[in-house]
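Residues per chain are reported as follows:
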Amino acid sequence: MQKKLRLRNREDFSRIYRNGKSFANGQFVVYWSRQHKAEPFRLGVSASKKIGNAVVRNRMRRLVKEIVRHQTDRIAEQLDFIIIVRKPAVGLGIKELEKSMLHVLKRAGLLKQNR
């Protein structure tokens, strides 16, 4: 994932948690907020210690970033969003994770409309 597409600052995370909207399914929670300086979008991934040790958490973060990288052209622009990984996502394969991720993004209205 490109550096310009990453959310890194604690202030950005806090702003999105505090002022943003959220949607969840069994595997992921997504918080998002409109941000005009985000070109085309910025992503943060959160995986708490509840889902496993450092190896598991880092693997889940890498998988989420890879799924988003493949779906970059489908995600709405000028958007900051955070994806929180839930424990049921740990046991799933990449295809199931991608399907679940697209589901939560679609329900949250973060995917571009097909024309």
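- An unreviewed UniProt entry annotates the protein as Ribonuclease P protein component of Paenibacillus rhizovicinus.
- Entered under Sequence similarities (unreviewed entry) in the UniProt record, the comment concerning the protein runs "Belongs to the RnpA family."
- Listed under Catalytic activity (unreviewed entry) in UniProt, the entry text for the protein is "Endonucleolytic cleavage of RNA, removing 5'-extranucleotides from tRNA precursor."

**Description of the side chain of Q71**
Argument step 1. The residue Q71 is located in the loop between α2 (54-70) and β4 (79-85) in this model.
Argument step 2. Owing to a relative accessible area of 10%, Q71 belongs among the buried residues under this scheme.

**Notes on the packing of aromatic side chains**
Argument step 1. All told, the structure shown has three aromatic pairs when counted by the stated rule.
Argument step 2. When the centroid spacing of 6.4 Å and the interplanar angle of 55° are considered together, the rings of F13 and Y17 count as tilted. Of this pair, F13 and Y17 are both found in helix α1 (residues 10-19), four residues apart, which corresponds to roughly one turn of the helix.
Argument step 3. Residue classification places F13 among the buried residues on the basis of a relative accessible area of 18%.
Argument step 4. A ring pair is formed by F41 and F81, whose centres lie 5.6 Å apart and whose planes are at 40°; its orientation type is tilted. Taken together, the positions of F41 in strand β3 (residues 41-46) and F81 in strand β4 put the pair 40 residues apart, joining distant regions of the chain.
Argument step 5. Members of the aromatic cluster, each reached through a chain of ring pairs, are F13, Y17 and Y31.

Reading guide: rules and limits
Residues numbered from 1 in each chain as written. Predicted model: local features only at pLDDT ≥ 70, side-chain atom pairs only at ≥ 80, totals over all residues. Heavy atoms only, no water. UniProt positions renumbered as here; feature names shortened; annotations may be inferred. Helix = DSSP H or I, 4+ residues; strand = E, 2+ residues; numbered from the N terminus. Buried < 20%, exposed > 50% of the residue type's maximum accessible area, 1.4 Å probe, protein only. Phe/Tyr/Trp six-rings, centres within 6.5 Å; stacked < 30°, edge-to-face > 60°.

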